[in-house]
Amino acid sequence: MAILDYLPFRSTDNVSGRRFVAKTIDPEDVRLIPKTMKVAALALGYQGSTWYYNKRSTFEPSPYDFDRIMQAVDTDSYVRQAINKYKELFWKEGWQVTGENPEAVSYLYQRIDFIEMAMKRPFMDFLEEVSDQLFKFGNAFIVKARGDISEYFPEKLTPINSTQPIVGYYLIPTEQVRILRDKFNRPKAYQQSTDPLTYSPTDRDPVWAADRVIHISVDKKTGRAFGTPFLSNVLDDVVALRQLEEDIQNLVHRELFPLYKYTIGTPEQPAEPDEIDRASAEIENLRSEGGLILPHRHNIDIVGAGKEVLDAGPYLEHFKERVSVGLGLAPHHLGMSMNGGNRSVTDRLDVALYDKIKKYQKLFSEALRLHIFNELLFEAGYDPVLNPSTEGISDRCFFKFNEIDVDTQVKKETHVIQKFVNNLIGISEARLELNLDPEFDDSELFAAMQGKVQMDMMNAQAQMQTAADSDKQASSTGGARNLTNRRRGSGNATRPANQNGRNTSPNIRRSDLSWLSVVENVLEKDYNVVYTEEEKKEKDNK
C-alpha cells in the first residue's frame, strides 16, 4: 500500500489496464490537498520525519541519541568517572568576575546575589549543571526568567528587548529539546518535547521564542542545529569492552568447574555391568573435599583447557585503551595501571587533559560574557561594547577561571620574573602578565619594607656612635680655642664600650630596697648591730 492510493488527483482506470491515471483537480479542491496528505500519512502510520528537512516547517530533533548517552553515564563506571573527572577539573580552582571598571564588577556580583534568591539555589550550582550538560551532550539550553525586582534592587534597571529585567535562569533538559529553524538556518523557537512518541507540537509541550533561550554548543557542524557530544564516538567501544568482560567471566566460570573423565576396566578386563552405575553414584555423592579409593582398573582424569586456553589479557587491555582514548583521558586518569609509565609521561598526559579542559572553559566563559553578563550590564546602564582604547575605562566584564595547572602557572610566573630581573620588561608590564593591577604602592613592597628596616638599624647605630663619641674634644669652630679636656686619656680608654654601650652597668630595673630598713630594725632587737661613723651620724640626724 502506498500513499498514492489516498491522493484525490489519482483515479483508477480498469479499462485501459493501468491502475492509476491522472485526474484534473478543481480549483476549489486545491486547498484540501494538505489535509488529505496529513490524513494519508496518519493512515500509513507516519509519526514524524528524520532530522533533515527540505522545508523548515517543523521542530527538529537532535541527530544524536542523547537517551543512550544518559544510559551510559548512569550505568557504566568508566563513562561516569570520566564525566566526574571533567567536572572536577573544570571547577577545581574556582572562578571570578574581572573587569576594568570596579563598579561594574561589584554590580554583577550584586545581581548574582539577587539571582540566587530568585532561583532559590546557589549560582554555582546552576553553573555546574550547565557544565554537566555540555560534557554529556555537547549542548546546553538556558532559558531567561524575567520579573519585576524594582522594589528590592537598589538601582534602576532598564530591560533590553522586554518589559521586565532578568531575575534568573533555568535549564531545559537537552534530550527533550527540539529546534525550529527558518530558511536561513537561524533558530526561531525551541520546544521541550515531553512525549517521546511524537515530534509534533502539542498543548503539553512548552515552546520558547529564540530570544529567550541561550544555546551553548560544542563542535557544532556547519548547517547543524545541535553540537556534537564526544561521548557518541565511544559508546560502541564501551559496549564491546563490556561484552568481552562478560566472555571472560564465562570462560572463568567454565574453567572453575572442570570435567571429570572416569575410565573403568581395561581391554583385558572389561567393566562389569554394574560397575558403571556404582561409579556414577559414587561421583554424585562425592563431597567437594572428599576422595576416592579405586582398584587398578579405575582411572580418573580432569579434562581442562590447560595451556591451550586463550589469553584474553591483551584483548582486554586493547579495548580499555580504546575506551579511555575515546573518553579523552589517559588510562591512569581512570585508575588503570596499564603498560607502566613514568612521571614524565603522566605529566604530559595531565597537561593534555588540562588543555582540553581549558578549551571548554574558554567556550563557557565567552558564552557567559556574551549572553549573560552583557545583558545584565546593559540593564543597569553600563556599556560593555565601548572600546577602552578610545573611551577610557571599559565596562566589559569577564567570567574568568583560575589556573587549574598549578605547576605550569608557577613556571610561567617564574619566567615573567626572570624577564623583569634581566631588564627585558618593566614592573607594570610584569604585573600585567601576572594578572595584577599595574598601579601599586611602592611602600607596601617587600624591598621597600626591607629598606626601611635597614634604615632604622643604621639610624640606631649612628645614635650609638654619636653617644660613644660624645666625650671627644670637638674641633675648633670660628677661631675660638677649644676647652680643656680634663679627662685623663681618650674616651675609649677611660670608659670602654661593650654590648651595653658605655654605661657602667646594664640598664636593669631593680626593685625598691626600702624594706631593708624594716628588716634591720627588727634584727636590732635580737642581734648586736655595728654601725660605721657615717651610719651613726645618719641615724642620729633622723
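Residues numbered from 1 in each chain as written. Predicted model: local features only at pLDDT ≥ 70, side-chain atom pairs only at ≥ 80, totals over all residues. Heavy atoms only, no water.

Peer 1: Can you walk me through the pairing of strand β5 (residues 166–172) in this structure?
Peer 2: As a general feature of sheets, a regular strand has side chains that alternate between the two faces. Most of β5 is tucked away: 6 of the 7 residues are buried. With 6 bridges connecting them, strand β4 (residues 139–146) and β5 associate as antiparallel partners. Bridging across to β5, V143 finds its partner in Y170. (Buried < 20%, exposed > 50% of the residue type's maximum accessible area, 1.4 Å probe, protein only. Helix = DSSP H or I, 4+ residues; strand = E, 2+ residues; numbered from the N terminus. Pairing = 2+ DSSP bridges.)

Peer 1: So what exactly am I meant to see when it comes to a negative patch on the surface here?
Peer 2: Residues E520, E533, E534, E535 and E538 make up a contiguous surface patch of negative charge. The dominant element in the negative patch, judged by the number of residues it contributes, is helix α16 (residues 533–541), at 4 residues. Mapped onto the secondary structure, E520 falls in helix α15 (residues 515–524). (Patch = residues over 30% accessible without salt bridge, like charges linked within 9 Å, V, L, I, M, F, W, Y side chains within 5 Å. Areas by Shrake-Rupley, 256 points an atom, 1.4 Å probe, with all protein chains shown as cover. Salt bridge = Lys/Arg side-chain N within 4 Å of Asp/Glu carboxyl O. Lys, Arg positive; Asp, Glu negative; His and termini not counted. Charge placed at Lys NZ, Arg CZ, Asp CG, Glu CD.)

Peer 1: Help me out: how do you make sense of the sheet that holds strand β6 (residues 177–181) in this one?
Peer 2: Hydrogen bonds along the backbone pair up the strands of a sheet, which may run parallel or antiparallel. One open sheet holds the 3 strands; their spatial order is β6-β7-β8, and the pairing between them is antiparallel. Edge positions in the sheet fall to β6 and β8 (207–209), since each has one partner strand and no second. Direction aside, neighbouring strands of the sheet carry axes that sit 25° apart on average. Two strands pair when backbone bridges link them, and β6 and strand β7 (residues 187–192) are joined in this way by 5 bridges, in the antiparallel orientation. Each residue of the ladder has a partner; that of I179, found in β7, is Y190. (Axes fitted to C-alpha atoms, helices over the stretch in contact; angles between N-to-C directions.)

Peer 1: Any chance you could explain the sheet that holds β4 here in plain terms?
Peer 2: Pairing is antiparallel across the open sheet formed by 3 strands, whose spatial order is β5-β4-β9. Only two strands of the sheet have a single neighbouring strand rather than two, namely β5 and β9 (213–217). Between one strand and the next, the sheet's axes are offset by a mean angle of 25°, whatever the strand orientation. The sheet contacts of helix α5 (residues 123–137) involve β4, β5 and β9, and relative to β4 the element is tilted by about 150°. (Contact = heavy atoms within 4.5 Å.)

Peer 1: I tried to follow a nonpolar patch on the surface on my own but got confused; where do I start?
Peer 2: A cluster of nonpolar side chains, namely I417, F420, V421 and I427, defines an oily patch on the protein surface of about 330 Å² accessible area. Looking at which element gives the most residues to the nonpolar patch, the answer is helix α11 (residues 406–421), with 3 residues. Among the structural elements, I417 can be located in helix α11. According to the relative accessible area criterion, I417 is partly exposed, its value standing at 44%.

Peer 1: How should I be thinking about the pattern of salt bridges in this particular structure?
Peer 2: A pair can form between side chains of opposite charge whenever their charged atoms are brought close. The full count for this structure, using the stated rule, is 19 salt bridges. Here K136 ties to D132 by a salt bridge, and the two come within 3.2 Å at their closest N and O atoms. Linking K136 with D132, this pair stays in helix α5, spanning 4 residues, or about one helical turn. Among the ionic pairs, K358 bridges to E403, the shortest N-O distance being 2.8 Å. Placement of the pair is K358 in helix α9 (residues 343–379) and E403 in the loop between β12 (397–401) and α11, with a sequence separation of 45 residues. Through salt bridges with shared partners, a single ionic network connects R111, K144, R146, E375 and E379.

Peer 1: What exactly am I supposed to notice about helix α3 (residues 77–90) here?
Peer 2: Turn by turn, an α-helix covers 3.6 residues, leaving residues three or four places apart pointing in a common direction. A rise of 1.5 Å per residue sets the reference length of α3, with its 14 residues, at 20 Å; its end C-alpha atoms lie 20 Å apart and thus fit the reference within 8%. Those residues of α3 lying buried are Y78, V79, A82, I83, Y86, L89 and F90. An end-on view of α3 places all buried positions within 135° of arc, on one side of the element. The elements touched by buried residues of α3 are α2 (66–75), α5, α6 (235–256), α8 (313–326), α9 and β12. Its side-chain oxygen at 3.1 Å from the backbone nitrogen of Y78, D76 defines the N-terminal cap of α3. (Expected span 1.5 Å × (residues − 1). Arc of directions from axis to C-beta. Polar contact = N/O pair within 3.5 Å; in protein donor to acceptor, adjacent residues only side chain to side chain.)

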